[in-house]
Amino acid sequence: MRDDEEMGRITLAQVAEKAGVSISTVSKVLNGRQDVAAPTRVKVERLLETHAYRRTARSSREAPLIEIVFHELDSIWAMELIRGVENVAKANQASVVLTESGTRHSPAPDWVEGVLQRRPIGVVLVFSALPQEVKQQLRARSIPFVIIDPAGDPDPDVPSVGSANWNGGLAATRHLIELGHRRIGIITGPEDMLCSLARLDGYRSAMSMAGLEAGPGLVRYGDFHVEGGFDRAMEMLRLPEPPTAIFAGSDLQALGVLEAARVNGLRVPHDLSVVGYDDVPVARWSSPALTTVHQPLRQMAEEAAQMLLRLRTEEPSATRLELATSLVVRNSTAAPATRN
């Protein structure tokens, strides 16, 4: 029996005895092998969790890899997160492997089988949650994990890095109010994502403090993509009383708003002011350059990767790190042509 397969009073031999299986079967479950019957796998997993089994030393099979998992890789902000993780990986003689899996809430069920076979030194996940059974499997194999959280509010037992979404929504809306806008629309993200709701709440708080109300049709839920921003902006601009300013919950949605303005013959910012969110590189190169809320995506990824490396040598703890957002004023906002 190897020392790295012991934890307190429980060993793999004892787990095997309690499960009524061989030590090799328990080892297969630990290593994510597929040639174990589902009922047996569940029984062994439950025993490992019940007895808080952990590998206490790093395995020689461990790969010098940090895995980063997205539900989609075609988003501009995904590149910022990848660069942040790469910065830390290179400084620690590790490489980065990218995986696309699941929905914006959690990875697909079959993802964990692959990661158990790859045995990276840790995993960074860009999701708002992680199923309990996945957390148990990763912890049993001493594979640390951290959630980068632009999407929601992870469980309290999951280490995570996020940003101040409410403050960002508040700052964007206040900026437009201070310019003199009174009919301000918002295109936030999906309704089932807490970051969308936090940015919307910041918007509503700013409007309320200024004695303003969001009129009918001025609050829309988007999808954080260009097409969604375009469609929702077209709906707003067709209102009997269209907004003079629109706060978009992502820079991609803001690009869609710029196109909707063009289609409607409106000049930005003379006829319509636009604020984005994220401050991805394309924001400064749009025409006009976007006023936006800077979300420190690369720094969030760097902090998550550093947290991951610390977890390899420290006892896991529930750590929630929230980084500040800030408004970046460029050329897409101005006082309304006619005060409303």
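Quick look at the structure, then. (Residues numbered from 1 in each chain as written. Predicted model: local features only at pLDDT ≥ 70, side-chain atom pairs only at ≥ 80, totals over all residues. Heavy atoms only, no water.)

So, the overall build of the chain
- Tallying secondary structure elements over the chain gives 12 helices and 14 strands in all.
- In the chain, the proportion of contacts linking residues at least 24 apart, taken out of those at least 6 apart, comes to 71%. (Helix = DSSP H or I, 4+ residues; strand = E, 2+ residues; numbered from the N terminus. Contact = heavy atoms within 4.5 Å.)

Observations concerning the pattern of salt bridges
- One pass over the full model with this rule turns up 10 salt bridges.
- As a salt-bridge pair, Arg 267 and Asp 271 come within 3.2 Å of each other at their nearest N and O atoms.
- Look at the salt bridges and you will find they share partners, linking Glu 80, Arg 83 and Arg 298 into a network. (Salt bridge = Lys/Arg side-chain N within 4 Å of Asp/Glu carboxyl O.)

Some words on the sheet that holds strand S10 (residues 245-248)
- What the six strands build is an open sheet, ordered S9-S8-S10-S11-S12-S14; its pairing is mixed. The open sheet is flanked by strand S9 (219-221) and strand S14 (326-328), the only strands paired with a single partner. For this sheet, the mean angle separating the axes of adjacent strands, direction not counted, is 20 degrees.
- Looking at chain direction, strand S12 (residues 291-294) and S14 are connected through three bridges and run antiparallel. Each residue of the ladder has a partner; that of Thr 292, found in S14, is Val 328.
- The strands touched by helix H8 (residues 194-209) are strand S8 (184-188), S9, S10 and strand S11 (273-278); relative to S8, the strand with the most contacts, the crossing angle is about 170 degrees. (Pairing = 2+ DSSP bridges. Axes fitted to C-alpha atoms, helices over the stretch in contact; angles between N-to-C directions.)

Notes on unusual backbone geometry
- The residue after Val 268, namely Pro 269, is reached through a cis peptide bond having omega 10 degrees.
- You can see Pro 269 is positioned in the loop between helix H10 (251-263) and S11.
- The omega angle of the peptide bond from Ser 287 to Pro 288 is 0 degrees, so this bond is cis rather than trans.
- If you trace the backbone, Pro 288 turns up in the loop between helix H11 (282-285) and S12.
- Despite not being glycine, Gln 93 shows a phi value in the positive range, around 55 degrees.
- In this structure, Gln 93 sits in the loop between helix H4 (76-91) and strand S4 (95-100).
- In this model, Asp 279 sits at a positive phi of 65 degrees, which is unusual for a non-glycine residue.
- As for its placement among the helices and strands, Asp 279 is situated in the loop between S11 and H11.

Section: the packing of helix H7 (residues 165-179) against H8
- Interaxial distance between H7 and H8 falls to 7 Å at its minimum, and their mutual angle equals 40 degrees. Classified by the angle between their axes, H7 and H8 sit oblique to one another. Classified by chirality, the crossing of H8 by H7 is right-handed. Contacts between H7 and H8 involve Asn 165, Trp 166, Gly 169, Leu 170, Thr 173, Arg 174 and Ile 177 on the former and, on the latter, Cys 195, Ala 198, Arg 199, Asp 201, Gly 202, Tyr 203, Ser 205, Ala 206, Met 207 and Met 209. (Parallel < 35°, antiparallel > 145°, perpendicular 65-115°, else oblique. Left-handed = near helix turned anticlockwise from the far one by under 90°.)

Comments concerning the environment of Tyr 277
- Looking at the secondary structure, you find Tyr 277 in strand S11.
- Along the chain, Tyr 277 and Arg 199 lie 78 residues apart, while their C-alpha atoms are 9.6 Å from each other.

Re the nonpolar core
- Core analysis: the biggest nonpolar cluster contains 28 residues, and Ile 66, Phe 70, Leu 81 and Ile 148 have the highest contact counts within it.
- Looking at this core, the elements with two or more residues in it are strand S3 (63-70), H4, strand S5 (120-125), strand S6 (145-149) and helix H12 (297-311).
- Discounting residues that sit within four places of it in the chain, Leu 81 has contacts with Ile 68, Phe 70, Val 126, Ile 148, Leu 297 and Ala 301. (Core = buried A, V, L, I, M, F, W, Y, C linked by side-chain atoms within 4.5 Å. Buried < 20%, exposed > 50% of the residue type's maximum accessible area, 1.4 Å probe, protein only.)

Examining the packing of H4 against H12
- Contact geometry for H4 and H12: axes closest at 7 Å, N-to-C directions at 40 degrees. The orientation of H4 relative to H12 falls into the category oblique. The chirality of how H4 crosses H12 is right-handed. Side by side, H4 and H12 meet where Trp 77, Glu 80, Leu 81, Arg 83, Gly 84, Val 85, Asn 87 and Val 88 of the first sit next to Leu 297, Arg 298, Ala 301, Glu 302, Ala 305, Gln 306 and Leu 309 of the second.
- Partitioning the contact of H4 with H12 into residue classes produces eight nonpolar, three polar and four charged. (Nonpolar A, V, L, I, M, F, W, Y, C, P; charged D, E, K, R; others polar.)

A closer look at the side chain of Ser 273
- Assignment of secondary structure puts Ser 273 in strand S11.
- A relative accessible area of 0% places Ser 273 in the buried class.
- Polar side-chain contacts of Ser 273 include one of 3.2 Å to the side chain of His 181.
- Those residues in contact with Ser 273 that sit more than four places away from it in its chain are Leu 176, His 181, Thr 244, Ala 245, Ile 246, Ser 332, Thr 333 and Ala 334. (Polar contact = N/O pair within 3.5 Å; in protein donor to acceptor, adjacent residues only side chain to side chain.)

Describing the environment of Pro 216
- Residue placement: Pro 216 occurs in the loop between H8 and S9.
- Of the residues examined, Pro 216 reaches a relative accessible area of 74% and is grouped as exposed.

Observations concerning the pairing of strand S7 (residues 160-163)
- What you see with S7 is no split at all: Ser 160 and Gly 162 on one side and Val 161 and Ser 163 on the other are buried throughout.
- Pairing of S6 with S7 involves three bridges; the strand directions are parallel. Bridge assignment links Ile 147 to a residue of S7, and that residue is Ser 160.
- With four bridges joining them, S7 and strand S13 (residues 320-323) adopt parallel strand pairing. Paired with Val 161 across the two strands is Leu 321, which belongs to S13.

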